[in-house]
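One letter stands for each residue in the lines below.
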Amino acid sequence: MATPDPWLKSLDSLELRLDACRDEDMSDEGDTEPHRTQFTKTLEDVCAVVRDAERKGSPDLPRIVEKAEQILMDAIWYARSAESELPTSSFAHSEDEPLLEDSMEYPGSDLVDALKLFSRMLNAMNPGTGPSIPISNLPGLADAPSWIDSLHPHPLTTRLSRFREGYTPNTTTLTPLAHTIYQARAQLTIDSLASGPWDMSLSSGGSILALSGGSGWKLRDPCLQWYPLGQQSEDSLEGGGMDPGLAQVARYITADESRKLIFLGDDDRVKSFSFNSTTRGRRRDELPNVHTMNSRQFRGPILVLPDGRLARAGKGRAAVWNVDALETHQDKPGELIGPGEVNLEDTWRDNDGDDIELSTGTVPTTSTPFGDPNFSPNVLHLHQPTGHVLFGAHSDDKVSCAMLDLEAGGRIVTRFLGHGGEVAHISTDSRGNPNLFVTACTDGYARMFDVRHPLPVLTFNVEREKSHCGDVVLVHPDGIPTLFTAGTRSHQVKLWDIRAKQCVYELSTGNNDVNGLAWDSATSSLFVATECENMDRMGNRMDYRRARVPRWATWKAAQAAYKRYQEAIERGEAITENTGPVTYDQTVVDSEEGEEDEEWEDDEDDDDMDDEYDDGKRWPKRTFHREDYFGYTYDAGDHMLFRWQFKEIPDCSQLPPSFD
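Because the structure is a prediction, the values reported are computed rather than measured.

Undergrad: Tell me about the overall build of the protein, and name the residues and values.
TA: The helix and strand inventory of the protein stands at six helices and 32 strands. Taken over 660 residues, the protein has a buried fraction of 56%. Look at the contacts in the protein between residues 6 or more apart in sequence, and 63% of them connect residues 24 or more apart. Summing over all exposed atoms, the protein offers an accessible surface of approximately 28,600 Å²; the carbon and sulfur share of this is 47%.

This is the structure:
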């Protein structure tokens, strides 16, 4: 009789312990904190069993990982359910594979202001009961210090960055690109987007950046936007946009560098568009539609596979088309591809179907199964050099992350544990370290994995469990492993030094949520796709107040600082890197440029505002950053695409206008 596997026995015991935690949570009797702590500790112990089995070379490791995944998924799904009060904080880290925290413990000005207002209301309702404790004195709830009191490592560091104190740089002039990146020496250009993007794709060779989103009335029409990166100047960002002729807003997009095609998919079809003309130095108002593919049973993400194939995920399977063998609209001008016509009854578009191309499309060449018939991937990513597919998926009431070998019938190569929500994005950098990949998760964390191991090697607390981690980009400038992470509620992009295991700085996104990141190695540029929550679907801006702008954070102050730097260079003065805060005039501008909002000042109300109110700068009433958080007060006021181009001598005077 075979000896029972000790690790599987341990997992059985932990599963029973988790069941007990759920029973106590549902009973809701007495102090719930002990079983909350026990719940998290049990999840950690499940991961510890897997870690121990791998370290000791268990021959049953695949079975152990699979069972651990099932236990974790059941527990996490319950913890995320409406009837649960159990936490879903990080549980897969360890002393050797640590959880990295941002050293700046700032909850956001929106939360601080709300608590201050609540405190003042309580004091007003109960006068004479004695002085209250200021909210700003409570641990972790203080206002962030002004930007002028923060670190600025170089005179050309962008004023739209905020550095962390106590960081010792790992870069020098011997690693020039990494040095400029880690000092945030970056030049910013922006362009408005039709909507907050659903998806974004940069072609592997960097020829095109493509985005999917909505347009038209209430953003109900699909929109394809693209930027031919080889044609961009350093001073502006220009792209094209068009209605792709789909019946619904398209959720998924990917770009194929080798065939110069953009693939865009709504729920029923995938259409391809050629960007070959844009790379020959000639822009067009519209890209020609080349293919239409029928993907009615496959509504998930799209992936370009080797050998000219295209895959689209569905539940349990992926549809696959041989692109080079498909009919094209150019082969049959004016004719439809596929039998019949598209049914327009379910479209929400506001144009009576006049702009919808009616081809039902070519059916898949074949299909291939996933390792689990219930998998419904929400992200697919081709891993080089193995050719395997990394994916994040939900399976009925569970979430998972794995690597598949589609060439072997969707065999699961490795399962990756530790996510407390759905994997939204995956990033790799095969030129830096092909074994590493990073996930962005809806639980607010980013996690770095080695494809040879089931548990994360690093966990990054991006959003402090308050919102989603919007995206991740893994890069290796001058061979130095570096991670950019996207914040949704926190309205920022953070740079993490992987070797030092620290957050270095954050970049402003003008009070916009970050939906997508892409790195263009040819120009050392980070593209950031953002959504303005203060704009509704009709294009109206909401919930703004008058801004309070420090003198040192105005556009004129930024121009003056850059001019002083240029004059010093012309005089031949040596410009050294700064090692501490820079002294600036801290005076606040007069009322022509901003006053504190009446909501937070007792002596101001609507009657005190004069006719110049609408001409002054504006600021959202509820936002993560105050006007003095960065060195330039900037509110985007629109859905935006940012390009941060890192260079030795950026034009720091090039700053976008703030919404007014």
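Undergrad: Can you lay out a negative patch on the surface for me, pointing to particular residues and giving the numbers?
TA: A contiguous patch of negative charge on the surface is contributed by Asp285, Glu286, Asp354 and Asp355. Residue position: aspartate 355 is located in the loop between β14 (317-322) and β15 (366-369).

Undergrad: I'd like a description of the environment of aspartate 536, backed by residues and values.
TA: Residue position: aspartate 536 is located in the loop between β29 (525-531) and β30 (544-546). Taking the relative accessible area as the measure of exposure, aspartate 536 reaches 24% and is therefore partly exposed. Reaching out from aspartate 536, the side chain makes a polar contact with the backbone nitrogen of methionine 538 at a distance of 2.9 Å. A polar contact of 2.8 Å, which involves the side chain of aspartate 536, links it to the backbone nitrogen of asparagine 540.

Undergrad: Outline the pattern of salt bridges, supporting the account with residue identities and numerical values.
TA: Applying the stated criterion across every chain, the model contains 30 salt bridges. Residue glutamate 357 pairs with arginine 269 through a salt bridge whose shortest N-O separation is 3.6 Å. On the criterion of sequence distance, the pair formed by glutamate 357 in the loop between β14 and β15 and arginine 269 in strand β10 (residues 269-274) is long-range, its members being 88 residues apart. Assigned by exposure class, glutamate 357 and arginine 269 land together as buried. A single salt-bridge network, built from bridges that share partners, covers Asp102, Arg164, Lys494 and Glu506.

Undergrad: Help me get a handle on the sheet that holds strand β27 (residues 502-508), residues and values and all.
TA: Strand order in the open sheet made by the five strands is β2-β27-β26-β25-β24, with antiparallel pairing throughout. The sheet is open, and its two edges are formed by β2 (161-163) and β24 (469-475), each paired on a single side. Taken pair by pair, the neighbouring strands of this sheet meet at an average axis angle of 20°, ignoring direction. Bridge count for β2 against β27 is three bridges, and the pairing is antiparallel. When the bridges of β27 are listed, serine 161 appears paired with leucine 507.

Undergrad: Give me the packing of helix α2 (residues 33-55) against helix α3 (residues 61-79): which residues, what numbers.
TA: Interaxial distance between α2 and α3 falls to 10 Å at its minimum, and their mutual angle equals 165°. In terms of orientation, α2 and α3 fall into the roughly antiparallel class. Handedness of the α2/α3 crossing: left-handed. On the side of α2, the interface is formed by Phe39, Leu43, Val46, Cys47, Val50, Ala53 and Glu54, while α3 contributes Leu61, Ile64, Val65, Ala68, Ile71, Leu72, Ala75 and Ala79. A class-by-class count of the residues in the contact of α2 with α3 yields 14 nonpolar, no polar and one charged.

Undergrad: Kindly report on the packing of aromatic side chains, identifying the contributing residues and their values.
TA: Under the defined criterion, the tally for this structure stands at 15 aromatic pairs. Pairing tyrosine 544 with phenylalanine 659 gives two aromatic rings, centres 4.8 Å apart and planes at 65°, and the pair type is edge-to-face. Of this pair, tyrosine 544 sits in strand β30 while phenylalanine 659 sits in the segment after β32 (640-646), and the two are 115 residues apart along the sequence. An identical accessibility class is assigned to tyrosine 544 and phenylalanine 659; each is buried.

Undergrad: Describe the sheet that holds strand β6 (residues 221-228), and please don't skip the residues or the numbers.
TA: Picture the strands of a sheet paired through backbone hydrogen bonds; they go either parallel or antiparallel. Strand order across the open sheet formed by four strands is β4-β5-β6-β7, with antiparallel pairing between neighbours. Of all the strands in the sheet, just β4 (199-202) and β7 (240-242) have a single pairing partner and so form its edges. Each adjacent strand pair in this sheet contributes to an overall mean axis angle of 20°, direction not counted. In terms of strand pairing, β6 meets β7 through three bridges, oriented antiparallel. Across the sheet, the residue bridging to tryptophan 226 is glycine 240, located in β7.

Undergrad: Give me the environment of leucine 209: which residues, what numbers.
TA: If you trace the backbone, leucine 209 turns up in strand β5 (residues 208-215). In this structure the C-alpha to C-alpha distance between leucine 209 and alanine 518, which are 309 residues apart in sequence, comes to 8.5 Å.

Undergrad: Talk me through the confidence of the model for the protein; I want residue IDs and the actual numbers.
TA: Of all residues in the protein, 84% have pLDDT values of 70 or greater, and the mean over the chain is 86. Of the regions scoring below 50 in pLDDT, residues 278-283 engages in 15 contacts with residues more than four places distant in sequence or in other chains. Low pLDDT, under 50, characterises residues 579-615; the stretch is placed with 73 contacts to residues that sit more than four places away or in other chains.

Undergrad: Please provide a residue-by-residue account of the nonpolar core, values included.
TA: In terms of nonpolar packing, the biggest core is built from 40 residues, with Phe484, Tyr505, Trp644 and Phe646 touching the most fellow members. Looking at which element gives the most residues to this core, the answer is β32, with four residues. If you look at the next biggest cluster of nonpolar residues, it comprises 28 residues, including Trp7, Cys47, Val49 and Leu455.

Scoring rules and cut-offs
Residues numbered from 1 in each chain as written. Predicted model: local features only at pLDDT ≥ 70, side-chain atom pairs only at ≥ 80, totals over all residues. Heavy atoms only, no water. Helix = DSSP H or I, 4+ residues; strand = E, 2+ residues; numbered from the N terminus. Buried < 20%, exposed > 50% of the residue type's maximum accessible area, 1.4 Å probe, protein only. Contact = heavy atoms within 4.5 Å. Areas by Shrake-Rupley, 256 points an atom, 1.4 Å probe, with all protein chains shown as cover. Patch = residues over 30% accessible without salt bridge, like charges linked within 9 Å, V, L, I, M, F, W, Y side chains within 5 Å. Salt bridge = Lys/Arg side-chain N within 4 Å of Asp/Glu carboxyl O. Lys, Arg positive; Asp, Glu negative; His and termini not counted. Charge placed at Lys NZ, Arg CZ, Asp CG, Glu CD. Polar contact = N/O pair within 3.5 Å; in protein donor to acceptor, adjacent residues only side chain to side chain. Pairing = 2+ DSSP bridges. Axes fitted to C-alpha atoms, helices over the stretch in contact; angles between N-to-C directions. Parallel < 35°, antiparallel > 145°, perpendicular 65-115°, else oblique. Left-handed = near helix turned anticlockwise from the far one by under 90°. Nonpolar A, V, L, I, M, F, W, Y, C, P; charged D, E, K, R; others polar. Phe/Tyr/Trp six-rings, centres within 6.5 Å; stacked < 30°, edge-to-face > 60°. pLDDT = per-residue confidence, 0-100. Core = buried A, V, L, I, M, F, W, Y, C linked by side-chain atoms within 4.5 Å.

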